[in-house]
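Notes for the structure review
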Amino acid sequence: MGPLRPETIYAAMLDDEAFAALPAWIARAVGAGSAMLQWRHRDGAAEVLAYSGMTPAEVAVFVRQPAAADPWEPDLVADETEGGLFPPPEAPEPSLARPGST
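In what follows, the accompanying structure is described. On a predicted model such as this, the values are computed, not experimentally measured, just so you know. (Residues numbered from 1 in each chain as written. Predicted model: local features only at pLDDT ≥ 70, side-chain atom pairs only at ≥ 80, totals over all residues. Heavy atoms only, no water.)

Quick look at the environment of Ala-24
Structurally, the position occupied by Ala-24 is in helix H2 (residues 16-30). Here the alpha-carbon distance between Ala-24 and Gly-53, two residues 29 residues apart in the chain, equals 7.4 Å. (Helix = DSSP H or I, 4+ residues; strand = E, 2+ residues; numbered from the N terminus.)

This is how it looks when you write it as structure tokens:
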């Protein structure tokens, strides 16, 4: 596992194995014990896409109770109401599907 570079992140978007390894690269790059890539739905539900340094049970807690498990949740919610991190409610939700896959 080499250094985390922008090319590594871009390549991970098209390579399932590299995507699964991305949280470990991110954690190592910032000196953290764990990292996760998640998708937040507009209704507040969380979907974990990849993780490293956590057990499946720890990830399950996050999925069931994202606000309780995520220390950044209050800031995300505050920014959403102020039009910060999230697009406006009328914007269509983007698809996670890769082009050509259904």
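So, the pattern of salt bridges
A complete count under the given rule lists 1 salt bridge for this structure. The closest approach of N and O atoms between Glu-7 and Arg-5, which form a salt bridge, is 3.1 Å. Assessed through its relative accessible area of 46%, Glu-7 is described here as partly exposed. (Salt bridge = Lys/Arg side-chain N within 4 Å of Asp/Glu carboxyl O. Buried < 20%, exposed > 50% of the residue type's maximum accessible area, 1.4 Å probe, protein only.)

Focus: the environment of Val-30
You can see Val-30 is positioned in helix H2. Expressed as a C-alpha distance, the spacing of Val-30 and Leu-4, which sit 26 residues apart in the sequence, is 9.8 Å.

Regarding the side chain of Thr-8
With respect to the secondary-structure elements, Thr-8 resides in helix H1 (residues 6-12). Residue Thr-8 is classed as buried on the basis of its relative accessible area, which comes to 14%. When neighbours within four sequence positions are excluded, Thr-8 is seen to be in contact with Pro-3 and Trp-25. (Contact = heavy atoms within 4.5 Å.)

Re H2
With 15 residues, H2 extends 22 Å between its outermost C-alpha atoms, agreeing within 8% with the 21 Å of an ideal straight helix rising 1.5 Å per residue. Where H2 bends most, the angle comes to about 35°, and this point is Leu-22, followed within four residues by the proline Pro-23. Residues of H2 that are buried include every one of Ala-18, Phe-19, Leu-22, Pro-23, Trp-25 and Ala-27, and no others. Of the surrounding elements, those touching the buried residues of H2 are H1, strand S1 (35-40) and strand S2 (46-52). Its side-chain oxygen 2.9 Å from the backbone nitrogen of Glu-17, Asp-15 forms the N-cap of H2. One or two residues past the end of H2 sits Gly-31, with phi positive at roughly 70°. (Expected span 1.5 Å × (residues − 1). Bend = angle between axes of the 7 residues up to and from the residue. Polar contact = N/O pair within 3.5 Å; in protein donor to acceptor, adjacent residues only side chain to side chain.)

Bear in mind that shape data such as this cannot, by itself, settle questions of function.
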